[in-house]
Amino acid sequence: MAFEFDHLFICTDIGADEADRLVSFGLVEGASNTHPGQGTANRRFFFHNAILELLWVHDTEEAKSEPIRPTRLWERWTNRKDGTCPFGVCLRSGTSDGDTAAFSSWAYRPPYLPETLSIAVGTNSDVLTEPMLFQTPFGKRPDQYPAEEAQPLKHHVGLREITRVELVSPTADNPSPEYQTVIDTNQVRVRLGAEYCVELGFDEEVQGHQIDFRPGLPLIISW
């Protein structure tokens, strides 16, 4: 079965002021949202094929509650600058009727979703030195959203599609079976490095440009 990269989240400080640097760079911010019952909120940037999400915990009690605890979102967020991987990687099926997860998973039913829907979360969710892995049954390319859900896709800097996702990590040479399965989909690359960072390549990087948003945000964009 084919899988596609749907979105990446980066854990940030409350309010994600780091997003302002992305706006200054030339990205157009889309709609933000909160996740009732999960205790998280975000700021988001939409591209033709995928989404970049900056995520933080806004309600501690919800994030630490029993239904949410197995995701380890609270620990991932609070320790994001202290040895924990601050990223989450979401895949989607490449076919309209695909409901099989790319990796070994458990069914997460957050309060903000209808009872009939669940998110497949990787069974490595306790491995906080790796990104949170998850797959949604309702993911689709942002350029295929219905009109009432449409988000801004035209960025001042001209970026259109994410064509490379490369996660740099101190533990990249020893991935869990779940993480290795995601790597094997060819939607994500990994590289060994001293600190956590993600590199997003756009439009096959034909222009040869790059901008580094560290240290405020562990993100490098190439285009």
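Below you will find a few notes about this structure. Values in this document were obtained by computation on a predicted structure and should not be read as measured data.

## A short note on the sheet that holds strand 8 (residues 132-135)
Thought 1: What the eight strands build is an open sheet, ordered 2-3-4-1-5-8-7-6; its pairing is mixed. Two strands bound the open sheet, and with one partner strand each, they are strand 2 (34-35) and strand 6 (105-108).
Thought 2: Pairing geometry for strand 5 (residues 87-93) and strand 8, over four bridges, is parallel. Across the sheet, the residue bridging to Cys-90 is Phe-134, located in strand 8.

## Points about the sheet that holds strand 11 (residues 197-202)
Thought 1: Strand order in the open sheet formed by five strands is 10-9-11-13-12, and the pairing between neighbours is mixed. Taken across any chain shown, the strands that pair with only one partner, and hence form the sheet edges, are strand 10 (189-192) and strand 12 (210-212). The mean angle between the axes of side-by-side strands here comes to 20°, regardless of whether they run parallel or antiparallel.

## Let's talk about the packing of aromatic side chains
Thought 1: Per the counting criterion, the structure on display carries seven aromatic pairs.
Thought 2: Between Phe-9 and Phe-134 the ring centres are 6.0 Å apart and the planes differ by 35°, which places this aromatic pair in the tilted class. Linking Phe-9 in strand 1 (residues 3-11) with Phe-134 in strand 8, this pair joins segments that are 125 residues apart in sequence. As far as burial versus exposure is concerned, Phe-9 and Phe-134 are alike and both buried.
Thought 3: Judged by centre distance (5.7 Å) and plane angle (80°), the ring pair of Phe-25 and Phe-213 falls under edge-to-face. Of the two residues, Phe-25 sits in helix 1 (residues 19-25) while Phe-213 sits in the loop between strand 12 and strand 13 (219-222), which places them 188 residues apart along the sequence. Comparing Phe-25 with Phe-213 shows no difference in burial state: the two are buried.
Thought 4: Pairwise contacts between aromatic rings join Phe-25, Phe-213 and Trp-223 into one cluster.

Conventions we followed
- Residues numbered from 1 in each chain as written.
- Predicted model: local features only at pLDDT ≥ 70, side-chain atom pairs only at ≥ 80, totals over all residues.
- Heavy atoms only, no water.
- Pairing = 2+ DSSP bridges.
- Helix = DSSP H or I, 4+ residues; strand = E, 2+ residues; numbered from the N terminus.
- Axes fitted to C-alpha atoms, helices over the stretch in contact; angles between N-to-C directions.
- Phe/Tyr/Trp six-rings, centres within 6.5 Å; stacked < 30°, edge-to-face > 60°.
- Buried < 20%, exposed > 50% of the residue type's maximum accessible area, 1.4 Å probe, protein only.

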